[in-house]
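Each chain, written out:
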Amino acid sequence: MQPEAEGFSDFFLHWEPQVRRYLIWLEGDRAVIDDAAQETMISAYRYWEKVKDLEKPSAWLFKVAGQRLSDAQEARGRAGVSTDPQDLPDTASPGGVDEYALRDDRLAILDAVRKLPPQQAAAIALQMQHDLPLDEIADIMSVSTGSVKTHLHHARKALKSLLVADGGEL
Amino acid sequence: MSLEDQLREAAAAVNEMWTDPDAAQARLARLQSRLTEEATTGAAAVPLPGKTSQRYAALLFDVLQKAETDTAEVLETLAELVSSDLARSEPPIDLADINDRLLEPLVNVVEEVLDDAGMVTFARGIVDDTWGYGVFIWVLAGLRLAGSEQSARRLAHSLVRHADLYTVHDITALLHTLCLSAQFEAIRTLLTPELIDDIDVVNVSTPTFDHLIHVLQAAGATSQARTLKARFDSSGAPDPGTHGQPTSGNRRRPGDKEHWLTIAEVADRLQMTPMSVYQLVDSGELPAVGADRSLRVSEQAVGDYLSSIFNGRATGS
């Protein structure tokens, strides 16, 4: 790495998977998740002097991750999906196991979450995946706590409708 | 299974993903190699312009207008502007960051990657609003700063050739962009007699029409502006800007109410960010009424401001 930033490697190993676990609730395209996660960590590196002193890096990271995800989705919209095998995301673990395929059934509900408006999907992801309190979710989403409650309420209502419409089990 | 159970089950499944430390180390190594490559080549991978970049583009041009071609001064002022703006969502960007990450790669891309076919694709992207006019101005500003006037001209002509102009707003936006980029040759190519004849003066609101006239005058197309104004004044058609009430003769008569614009509307018209408009108001360059952040700018003041810029540019001041 260009000048080694002290502590960044440990930060990356702890937080990069968390960022991916947030993004997978919002986006199903693995290549886009890869791009957005890497860009998020690049931002953390570029602003390391500030980020390393943050009391709660999760708020900064998830906020930036949301922005980088939008950029990556926008880029995909412009460039389309690459067919170059070199661009395929690295989905297999060293043992050759596809992490996504292994858990297809348990992850099925995420397809419905991704159909929600972005704010609702983000609120559900932050609550269910990261177990964050309402005030932290509000901080990440730059809205009031009341708005977060509203988003969560509408998200659950919409999810129930989506699942019923898809013939899903409730 | 209830919805809550399904959500909890999904969260548990996601928690089992990306737990392999070797895979995480491999991803870290990829990121490190990217950063090393960028440090070696002296420039980051070219970022695709996103919404934030488009805002920088508007800011950059804003500064260019005032600082002429002194790159260092432009970037320094830009950094001051951007740092206060970005403090809300991201850490402030620094001068070197803008220079290396945005400007130089941009010039490289246009110079080295965009061949003729690439320019056509890029121009179409601008017209289709995939990139936006802000990015176009940014690209031209970058090219001109780098002394590549010829590439800037090629790109402007490419844009004119491939623009599908359906409405007065389309024409005005393109003309405005070309004016701001000082692409006067491309403007002359664009303003064919056929295009002027095709402009529908009946179904256009007074503010939009006035904006078009100002831009035409700024572009030096005074005879076309006169022709259009005469057609507009004699059209006597209902003005959509006045709730469809029919008017005859001159649209703007003594006693007509002044049109007031919000800061957002002014920003849209000048292709600047609202923050830049506030700065113009604060500096006294753009007269406004109101207090604090509830400001209104008269349409006439916006027109006068545009004219003053372009007249200044035309005389080299």
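From a predicted model like this one, the values you see are computed outputs, not experimental measurements.

Here is what the cut-offs are and how they apply
- Residues numbered from 1 in each chain as written.
- Chains lettered and ligands numbered in written order.
- Predicted model: local features only at pLDDT ≥ 70, side-chain atom pairs only at ≥ 80, totals over all residues.
- Heavy atoms only, no water.
- Helix = DSSP H or I, 4+ residues; strand = E, 2+ residues; numbered from the N terminus.
- Contact = heavy atoms within 4.5 Å.
- Areas by Shrake-Rupley, 256 points an atom, 1.4 Å probe, with all protein chains shown as cover.
- Phe/Tyr/Trp six-rings, centres within 6.5 Å; stacked < 30°, edge-to-face > 60°.
- Buried < 20%, exposed > 50% of the residue type's maximum accessible area, 1.4 Å probe, protein only.
- Core = buried A, V, L, I, M, F, W, Y, C linked by side-chain atoms within 4.5 Å.
- Salt bridge = Lys/Arg side-chain N within 4 Å of Asp/Glu carboxyl O.
- pLDDT = per-residue confidence, 0-100.

Draft legend 1. Quick peek at the overall build of chain A. A count of helices and strands for chain A gives nine helices and zero strands. Helices and strands in chain A line up, N terminus first, as α-α-α-α-α-α-α-α-α. Residue pairs at least 24 apart in sequence account for 69% of intrachain contacts in chain A once pairs closer than 6 positions are excluded. Accessible surface computed for chain A: about 8400 Å², of which carbon and sulfur atoms make up 49%.

Draft legend 2. Examining the environment of isoleucine 213 of chain B more closely. Residue and element names in this part refer to chain B. With respect to the helices, strands and loops of the structure, isoleucine 213 is situated in helix α12 (residues 206-218). For the pair isoleucine 213 and arginine 226, spaced 13 residues apart in sequence, the C-alpha separation works out to 8.4 Å. Residues within four places of isoleucine 213 in sequence aside, it is in contact with Ala225, Leu228 and Lys229.

Draft legend 3. Region of interest: the packing of aromatic side chains. All names here are of chain A. Tallied over the entire structure, the rule returns six aromatic pairs over all chains. Centroid distance phenylalanine 8 to tyrosine 45: 5.1 Å. Interplanar angle 80 degrees. Geometry classified as edge-to-face. Highlighted residues: phenylalanine 8 in helix α1 (residues 8-23) and tyrosine 45 in helix α2 (residues 30-46), separated in sequence by 37 residues. With a relative accessible area of 9%, tyrosine 45 lands in the buried category. Taking 5.4 Å as the distance between ring centres and 90 degrees as the angle between the ring planes, the aromatic pair formed by phenylalanine 8 and tryptophan 48 counts as edge-to-face. Taken together, the positions of phenylalanine 8 in helix α1 and tryptophan 48 in helix α3 (residues 48-51) put the pair 40 residues apart, joining distant regions of the chain. Each member of the pair, phenylalanine 8 as well as tryptophan 48, carries the same accessibility label: buried. Ring pairs connect the aromatic residues Phe8, Phe11, Phe12, Tyr45 and Trp48, which therefore count as one cluster.

Draft legend 4. Region of interest: the nonpolar core. One finds Phe8, Phe11, Tyr22, Leu23 and Trp25 of chain A together with Leu7 of chain B to be the most contacted residues of the largest nonpolar core, which totals 64 residues. Membership of the second largest hydrophobic core comes to 29 residues, among which are Ala186, Leu195, Ala219 and Ala225 of chain B.

Draft legend 5. Spatial organisation of helix α8 (residues 134-141) of chain A. Residues Glu136, Ile137, Ala138, Ile140 and Met141 of chain A constitute the buried set of α8 of chain A. Just downstream of α8 of chain A lies serine 142 of chain A, where phi reads positive at about 55 degrees.

Draft legend 6. Quick look at the environment of alanine 65 of chain A. Residues and elements named next belong to chain A. Positionally, alanine 65 belongs in helix α4 (residues 57-79). What makes alanine 65 buried here is its relative accessible area of 0%. Remark: the alpha-carbon pair of alanine 65 and tyrosine 22, spanning 43 residues in sequence, is separated by 8.5 Å. Look past the residues within four positions of alanine 65 in its chain and what remains in contact with it is Val19, Tyr22, Leu23 and Thr40.

Draft legend 7. Local environment of the side chain of histidine 130 of chain A. Tracing the backbone shows histidine 130 of chain A in the loop between α7 (118-128) and α8. Setting aside residues up to four positions removed in sequence, histidine 130 of chain A forms contacts with Gln18, Arg21, Tyr22, Phe62 and Ala125 of chain A.

Draft legend 8. Local environment of the pattern of salt bridges. For the structure shown, the criterion picks out 11 salt bridges over all chains. Lysine 52 of chain A serves as the salt-bridge partner of glutamate 49 of chain A, at 3.4 Å between the closest nitrogen and oxygen. Owing to a relative accessible area of 57%, glutamate 49 of chain A belongs among the exposed residues under this scheme. Classification of lysine 52 of chain A by relative accessible area gives partly exposed; the value is 41%. The salt bridge involving arginine 8 of chain B is made with aspartate 5 of chain B; its shortest N-O contact spans 3.3 Å. In this pair, arginine 8 of chain B and aspartate 5 of chain B both sit in helix α1 (residues 3-15), three residues apart, roughly one turn of the helix. On the accessibility criterion, arginine 8 of chain B (47% relative accessible area) is partly exposed.

Draft legend 9. Summary view of the confidence of the model for chain A. Mean pLDDT over chain A: 81, with 79% of residues reaching 70 or higher. Confidence drops under a pLDDT of 50 for residues 81-96 of chain A, and excluding neighbours within four residues, the segment shows 17 contacts in the predicted structure.

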